[in-house]
Amino acid sequence: NAGVMQNPRHLVRRRGQEARLRCSPMKGHSHVYWYRQLPEEGLKFMVYLQKENIIDESGMPKERFSAEFPKEGPSILRIQQVVRGDSAAYFCASSSGTPYATNEKLFFGSGTQLSVL
Amino acid sequence: KNQVEQSPQSLIILEGKNCTLQCNYTVSPFSNLRWYKQDTGRGPVSLTIMTFSENTKSNGRYTATLDADTKQSSLHITASQLSDSASYICVVTPRSSASKIIFGSGTRLSIRP
């Protein structure tokens, strides 16, 4: 049972290009979360999705950023027209049920390091 | 405002020594409190998870405690090893799904030989 898989591991983009980050949750997990982490800082919530639905996107910038979790395939975090400030590590996590259940565990991927030149 | 504050921000100890990391939170009521270990360049890995009714939870050399009255949690590491060098993150989940899961900024622990 593979863990949460993220790819690519590293992504280099020039300003103005598009970045697509992929996340395959653990088998059987239908809840996916995206977090962003700047160097020396903590994880910041971006978006919470549950198969085909965006549950909470309040942590995601209104422009240039979008996320989806289709019925088939991985979750995608898409950043259009990237700027240098988008450079960060982007982590995906998954759970089998709502994270608000008392013993529900979150499992994290190894992250995608996005560098914008 | 729901917050999670961790201290110290960073800590250096010698291999074999014990240490205790602190987490203060204002999230109330909460569903669970978790401690994660994050190695450099990797995703966080769960160490312990405690519900609001639990006082302590152990995982090998890691022991987490929770005092719901003072809204404090601690993570105690016994007989530290070089592989314990990492960031340790305290995460509190509110009971209401209307509020977000709150991540602390972490304590960066370095173990010296």
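The text that follows walks through the structure, step by step, so that each part is easy to find. No experiment lies behind these values; they were computed from the predicted model shown.

## Comments concerning the packing of aromatic side chains
Item 1. Throughout the structure, instances matching the rule amount to 8 aromatic pairs over all chains.
Item 2. Seen from their ring centres, Tyr33(A) and Tyr48(A) are 4.7 Å apart, and the 20° between their planes marks the pair as stacked. Placement of the pair is Tyr33(A) in strand S4 (residues 31–37) and Tyr48(A) in strand S5 (residues 43–50), with a sequence separation of 15 residues.
Item 3. A relative accessible area of 8% means that Tyr48(A) is categorised as buried.
Item 4. Ring plane angle 85° and centroid distance 5.5 Å describe the contact between Phe108(A) and Tyr36(B), whose orientation is recorded as edge-to-face. Of the two residues, Phe108(A) sits in strand S10 (residues 107–108) while Tyr36(B) sits in strand S4 (residues 30–38), which places them in two different chains. Accessibility classification places Phe108(A) together with Tyr36(B) in one group, the buried group.
Item 5. Cation over ring: Arg61(B) sits above Tyr62(B), and NZ or CZ is 5.7 Å from the ring centre.
Item 6. A cation over an aromatic ring shows up here: Arg95(B) above the ring of Phe52(B), its NZ or CZ 4.4 Å from the ring centre.

## Comments concerning the interface of chain B and chain A
Item 1. Taken together, the contact between chain B and chain A spans 24 residues of the former and 21 residues of the latter.
Item 2. Of the roughly 1900 Å² buried between chain B and chain A, counting both surfaces, carbon and sulfur atoms make up 52%.
Item 3. Looking only at chain B, the three residues that lose the most surface to chain A are Lys100(B), Ile101(B) and Phe103(B), adding up to 25% of its buried area.
Item 4. Counting across the chain B and chain A interface gives 0 salt bridges.
Item 5. Put simply, chain B and chain A have 4 residue pairs in polar contact (both at pLDDT 80 or more) between them.

What counts as what
Residues numbered from 1 in each chain as written. Chains lettered and ligands numbered in written order. Predicted model: local features only at pLDDT ≥ 70, side-chain atom pairs only at ≥ 80, totals over all residues. Heavy atoms only, no water. Phe/Tyr/Trp six-rings, centres within 6.5 Å; stacked < 30°, edge-to-face > 60°. Helix = DSSP H or I, 4+ residues; strand = E, 2+ residues; numbered from the N terminus. Buried < 20%, exposed > 50% of the residue type's maximum accessible area, 1.4 Å probe, protein only. Lys NZ or Arg CZ within 6 Å of the ring centre and 35° of its normal. Contact = heavy atoms within 4.5 Å. Buried area = accessible area lost by both parts, 1.4 Å probe. Salt bridge = Lys/Arg side-chain N within 4 Å of Asp/Glu carboxyl O. Polar contact = N/O pair within 3.5 Å; in protein donor to acceptor, adjacent residues only side chain to side chain.

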